[in-house]
Amino acid sequence: MEDFLEHIKSEKRYSPNTQASYRRDLDDFTAFITGTAHGTAFDPQLVTPADIREWIADLSRRGLSPSSINRMISALRSYFKYIRSKGIVEKDPMLKITSLKTPKKLPSYIPESSAGKLFGQSSPLTDAPDAAPGYTDARNELIVLLFYSTGIRLAELNGIRLRDFSPGFADLRVLGKGGKERIVPIVEFTRNKLREFTVKYNGNPVCFSPDNYLFLTEDKKQMSRAGIYKAVKSVMESAGIQGKKSPHVLRHTFATHLLNQGADLRHIQELLGHASLAATQIYTHNSIAKLKEIYAASHPRGSKKP
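Here the structure is a predicted model, which means the values were calculated and not measured.

Draft legend 1. Up close: the overall build of the protein. Scanning the protein from N- to C-terminus turns up 14 helices and 2 strands. For the protein, buried positions account for 41% of its 306 residues. In the protein, once contacts between residues fewer than 6 apart in sequence are set aside, the share between residues at least 24 apart is 58%. For the protein, the accessible surface area stands at approximately 17100 Å², while carbon and sulfur atoms represent 52% of it.

Draft legend 2. Up close: the packing of helix 3 (residues 49–61) against helix 4 (residues 66–85). It is the contact of helix 3 with helix 4, at a shortest axis distance of 10 Å, that shows an interaxial angle of 150°. When the axis of helix 3 is compared with that of helix 4, the two are roughly antiparallel. Note on packing geometry: the crossing formed by helix 3 with helix 4 is right-handed. Residue-level contacts link I52, W55, I56, L59 and S60 of helix 3 to I69, M72, I73 and L76 of helix 4. Its residues assigned to classes, the contact of helix 3 with helix 4 comprises 8 nonpolar, 1 polar and no charged.

Draft legend 3. Spatial organisation of the nonpolar core. Judged by nonpolar contacts, the single largest core of 38 residues is most densely connected at L118, I143, L157 and L214. Within the residue set of this core, elements represented by two or more residues are helix 6 (132–150), strand 1 (171–175), helix 8 (188–201), helix 9 (225–238) and helix 10 (247–260). Those residues in contact with L157 that lie beyond four places of it in its chain are I143, L146, F147, I152, F215 and I228.

Draft legend 4. Region of the structure containing helix 11 (residues 265–272). Turning to helix 11, its buried residues number three or more, namely L265, I268, Q269, L271 and L272. Buried residues of helix 11, seen end-on, are gathered within an arc of 165° and therefore sit on one face of the element.

Draft legend 5. Summary view of the packing of helix 9 against helix 10. Following both chains from N to C, one finds helix 9 and helix 10 inclined at 65°, their axes separated by 9 Å at the closest point. Taken as axis vectors, helix 9 and helix 10 run roughly perpendicular relative to one another. Contacts between helix 9 and helix 10 involve Y229, V232 and M236 on the former and, on the latter, P247, V249 and L250. Taken together, the residues of the contact of helix 9 with helix 10 sort by class into 6 nonpolar, no polar and no charged.

Rules used in this analysis
Residues numbered from 1 in each chain as written. Predicted model: local features only at pLDDT ≥ 70, side-chain atom pairs only at ≥ 80, totals over all residues. Heavy atoms only, no water. Helix = DSSP H or I, 4+ residues; strand = E, 2+ residues; numbered from the N terminus. Buried < 20%, exposed > 50% of the residue type's maximum accessible area, 1.4 Å probe, protein only. Contact = heavy atoms within 4.5 Å. Areas by Shrake-Rupley, 256 points an atom, 1.4 Å probe, with all protein chains shown as cover. Axes fitted to C-alpha atoms, helices over the stretch in contact; angles between N-to-C directions. Parallel < 35°, antiparallel > 145°, perpendicular 65-115°, else oblique. Left-handed = near helix turned anticlockwise from the far one by under 90°. Nonpolar A, V, L, I, M, F, W, Y, C, P; charged D, E, K, R; others polar. Core = buried A, V, L, I, M, F, W, Y, C linked by side-chain atoms within 4.5 Å. Arc of directions from axis to C-beta.

If you want it as structure tokens, here you go:
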């Protein structure tokens, strides 16, 4: 199992968060199996489809959602596929296991009419080197702005260094899932905010970083993912945004607003770093409301005349 976990780290290049999730999922499975079916030692050769179904039923009894269970099934599926390729097991018990049906949920996003509320919340930038409150507010708003204007993931934003930007902040080099690199353009409004922020705080004792990370805590350390999540939630709450408040909502908002303004779906796929177009197509559902508005305003029988 440790070889498998090293495999998804070094060869598959899964994110640290995914690696940790896979480890937890496999630990849960082995604990269940060794406690109920095969004594004290875990032997993957003895695992049957019936064992796996009992585990899935137990997960359901514990109150896990179908989507969470499916993630754990996926981890186990990858594990057995790996050890089958290594000849450790002759048969893959996961071949007879199907994922649970889950209701399709449309991604949450912020309406265009409310997006402008996210910006202009911070206090004026200050020259004082020890002015942590001014720095924190400016940093948090810039975090939200980058999520909204680039659509990058939480893990991608967390690792941004100043050297990842091209001169003048025209583009941002992002290292995405599976170690895949992509270039994301930066719009002028965001470029100006980046210049203003780095002029005031890059090299400032409040924002000094030997690793050259863009976003730091007040004590000069790289922000954690939890810290970024908290920063996003704080800005969204201050702006009076309703509904879920998270970096992922801002990513969905980025894609939905682009689609509503006529961007090509394949271009959005490239910007988001999706491996397949299928993952991007969910945003077409969110555009139904926009289509209704266009119909109402343009069709002779529409309710809203120009």
